[in-house]
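Chain by chain, the residues:
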Amino acid sequence: MTAAAVAPTAGRTATGGRILVDALRAQGVDRIHCVPGESYLAVLDALHDTPEIEVINSRHEGAAGNMAEADGKLTGRPGICFVTRGPGATHAAVGVHTACQDSTPMILFIGQVARGARDREGFQEVDLRAMFAPLAKWAAEIDDAARIPEYVARAFQTAVSGRPGPVVLSLPEDMLAQSVPAPAQARAAVPAAAAPRATDLDALTHLLEQSARPLLVVGGTGWSDAACLALREFAATNALPLVASFRRQDLIDNRHPNYCGHLGLGVDLQLAERLKSSDLVVAIGSRLGENTTSGYTLLTPPLARQRLVHVHPDPDEPGRVYQPQLAIACPLAEFALALSGRRVAGAERREAWLREARAAYVSFSSPPAAAAGPYVDLAGVVGWLSDHVADDAIVSNGAGNYTVWVHRYFRYRRPRTELAPVSGSMGYGVPAAIAAKLRFPQREVIAFAGDGCFLMYPQELGTAVQHRANLVVIVVNNGIYGTIRMHQERRYPGRVVATDLVDPDFIGLARSFGAFAERVETTAQFPAAYQRARAAARPAVLELRIDPAQLTPGFRLPGR
Ligand SMILES: Cc1ncc(C[n+]2csc(CCOP(=O)(O)OP(=O)(O)O)c2C)c(N)n1
Ligand SMILES: [Mg+2]
């Protein structure tokens, strides 16, 4: 997307809605995700005359929010979402929460009650600034149509600067309808540049040279392809193991000999031990959050036993939970590029440590022989996909135990091919994959969803059909909220509450939207079914019946 050079309304009178749409064009916006509302009709009307911006109307604001978040995650530019006041804003909040926890640039615009009616609790009025204060990097209301370019420019700047994240702008409906002399438009946001100091890189090199068992934990956002490659080369030259933080497995090609696995839910216990016994952790972009650290146990706050170097774009992050030996605040891409060509003496002393870590990862991520029985073996399906999809295929998921198989057996190869919510939000996978297919129509896009997860936004198959987003959804059906059932069995054995599901006929449901759909009964049927789904030239759903007793690759319901 390219920023529009000239605002067509300059020097004329225009409505707030028109000025806002021109401000979006000035920032290079080419697509918005929305559910329409009467509170922002003037924006919709301006979009009618703006063919440069594609309007994707969802069926639920939760899905629209997830789609905008996914678009921001894939492009590194703010994903844009429009919804209406109270009900729309509360639905869409899930996308803002994910953008917050996942450090994704996103802007949510919300139609609001008229300025003259404010604070009467008029129809659907919510104090949006207060509501979004803990979720968004910035939540504001635009009171004056003449100032729209200023607010929009700041919103874009804020969303991409430092640690990227969500911004919320509230739009009183009378402000949008009002005509004012069209103000000059701002220019496209440019994130402030910063680079690590040479003295910090020297200190890092020194710490690495002193370490016998270092681990580089990679995560966060703001990476470029070149930066990911530069980090990989630095690790390769210097025999340093690279580990992905929770749901950032796509930053380093998983086939590379320096990639040694991922931290998070369903972590390889050998890797967890390796992190515990390492003597230096270099966290590059990762916040070392609760899932990455197995509930703050692999490193214990505030002063971990391991030495810690913490590199993060937000200077407030290092030291917030863990006190580092060395803190470096700068964009991750700049940091990784600055490592190019650096030598860390003593590579030969680290080679065995690296080889062991790599071998453990390869073994952990290789699917075992499929279990015999009447069900589909999810490890086999994920392993087959991993071996057969293109390197740039995008794979999404939501929350649920099925994701443990996906993250364990899929080998991600390219940055920005994993759409997986760090926020752990159920329902994310399908809308995220729709946004991905719209952004990259030529690429293969696969959404994994549990039966529970899929039922959060099944109606978005209608959005996919309408906008020709030909993704393949794989519904992993075990008839239960498996994750919660697992926790129940562990904490309150045999006392099952609220975790059984009466599911619909997924095939009939999908077909009713105009999607292609097939049920896969055995592992062996999967490859051909997947090829048919891809060839269908419309959105496709494959339902896999998996064994409800097998709650994770390693945990079976007792006695089943
Ligand atoms: C929006 C949301 N609601 C609830 C939860 C809590 N939760 C996490 S996983 C899960 C069950 C997921 O069920 P399903 O999609 O069928 O996957 P399974 O665990 O059975 O593989 C629930 C309820 C959540 N993470 N997000
Ligand atoms: Mg389930």
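What you see is a predicted model; the values in this text were computed from it and never measured.

Enquirer: Just checking my understanding: could you explain the coordination of the magnesium ion (ligand 2) for this structure?
Expert: Expected angles at a metal are 109.5 degrees for tetrahedral coordination by four donors and either 90 or 180 degrees for octahedral coordination by six donors. Ligation of the magnesium ion (ligand 2) by protein atoms is provided by Asp451 (OD), Asn478 (OD1) and Ile480 (O), these donors lying 2.1 to 2.2 Å from the ion. We note that the donor set of the magnesium ion (ligand 2) lies within a single chain, spaced as D-x26-N-x1-I. In this structure asparagine 478 comes out as buried when scored by relative accessible area, which is 17%. Taking relative accessible area as the criterion, isoleucine 480 reaches 7% and is therefore assigned buried.

Enquirer: Please explain the packing of helix 10 (residues 269-277) against helix 12 (residues 347-364) as it appears in this structure.
Expert: Axis angle and axis distance: for two packed helices, these are the angle between their axes and the distance between the axes, and together they describe the pair. Following both chains from N to C, one finds helix 10 and helix 12 inclined at 155°, their axes separated by 10 Å at the closest point. In terms of orientation, helix 10 and helix 12 fall into the roughly antiparallel class. Considering how the two elements wind past one another, helix 10 and helix 12 form a crossing that is left-handed. Contacts from Gln270, Arg274 and Ser277 in helix 10 reach Trp353, Glu356, Ala357 and Ala360 in helix 12. Grouping the constituent residues of the contact of helix 10 with helix 12 by class yields three nonpolar, two polar and two charged.

Enquirer: Help me out: how do you make sense of the side chain of threonine 98 in this one?
Expert: Here threonine 98 is to be found in helix 4 (residues 86-101). Among the polar contacts made by the side chain of threonine 98, one reaches the side chain of serine 423 at a distance of 2.7 Å.

Enquirer: What's the story with the pairing of strand 14 (residues 326-329) in this structure? I'm lost.
Expert: Burial of the side chains of strand 14 is restricted to one face: Leu326 and Ile328 are buried, whereas none of Ala327 and Ala329 on the reverse face is. Alignment of strand 13 (residues 307-312) against strand 14, held across four bridges, turns out to be parallel. Paired with valine 311 across the two strands is isoleucine 328, which belongs to strand 14.

Enquirer: What is the right way to read the packing of aromatic side chains from this model?
Expert: Here the distance between the centres and the angle between the planes together describe a pair of aromatic rings. Taken as a whole and judged by the stated rule, the model has nine aromatic pairs. Between phenylalanine 82 and phenylalanine 109 the ring centres are 4.7 Å apart and the planes differ by 10°, which places this aromatic pair in the stacked class. Taken together, the residues span a long stretch of sequence, with phenylalanine 82 in strand 4 (residues 79-83) and phenylalanine 109 in strand 5 (residues 106-112) at a distance of 27 residues. Judged by its relative accessible area of 1%, phenylalanine 82 is buried.

Enquirer: Please explain the nonpolar core as it appears in this structure.
Expert: Generally speaking, soluble globular proteins have nonpolar side chains that are buried together. The biggest cluster of nonpolar side chains holds 65 residues, and the ones touching the most others in it are Leu385, Phe448 and Phe526. It is helix 15 (residues 429-439) that contributes the most residues to this core, seven residues altogether. What leucine 385 contacts, discounting residues up to four positions off in sequence, is Phe410, Ile446, Phe448, Ile474, Phe526 and Tyr530. Core analysis: the next-biggest nonpolar cluster, separate from the first, contains 36 residues, Ala14, Leu20, Leu47 and Ala145 among them.

Enquirer: Is there a simple way to think about unusual backbone geometry in this case?
Expert: Across the chain, the bulk of peptide bonds are trans and the bulk of non-glycine residues have phi less than zero. Between proline 301 and the following residue, proline 302, the backbone shows a cis peptide bond with an omega angle of -5°. Tracing the sequence through the fold places proline 302 in the loop between strand 12 (280-284) and strand 13. Here the phi dihedral of glutamine 124 falls at roughly 60°; this positive angle occurs in a residue that is not glycine. Turning to its location among the elements, glutamine 124 is positioned in the loop between strand 5 and helix 5 (128-132). Here glutamine 124 falls in the partly exposed class, since its relative accessible area comes to 24%. Backbone geometry at arginine 416 places phi at a positive 60°, although glycine is not the residue there. Looking at the secondary structure, you find arginine 416 in the loop between helix 14 (402-409) and strand 16 (418-419). A residue is classified by how much of its surface remains accessible, and arginine 416, at 28% relative accessible area, is partly exposed.

Rules of the game
- Residues numbered from 1 in each chain as written.
- Chains lettered and ligands numbered in written order.
- Predicted model: local features only at pLDDT ≥ 70, side-chain atom pairs only at ≥ 80, totals over all residues.
- Heavy atoms only, no water.
- Donors = N, O, S within 2.8 Å, 3.2 Å for Na, K, Ca; no water.
- Buried < 20%, exposed > 50% of the residue type's maximum accessible area, 1.4 Å probe, protein only.
- Axes fitted to C-alpha atoms, helices over the stretch in contact; angles between N-to-C directions.
- Helix = DSSP H or I, 4+ residues; strand = E, 2+ residues; numbered from the N terminus.
- Parallel < 35°, antiparallel > 145°, perpendicular 65-115°, else oblique.
- Left-handed = near helix turned anticlockwise from the far one by under 90°.
- Contact = heavy atoms within 4.5 Å.
- Nonpolar A, V, L, I, M, F, W, Y, C, P; charged D, E, K, R; others polar.
- Polar contact = N/O pair within 3.5 Å; in protein donor to acceptor, adjacent residues only side chain to side chain.
- Pairing = 2+ DSSP bridges.
- Phe/Tyr/Trp six-rings, centres within 6.5 Å; stacked < 30°, edge-to-face > 60°.
- Core = buried A, V, L, I, M, F, W, Y, C linked by side-chain atoms within 4.5 Å.

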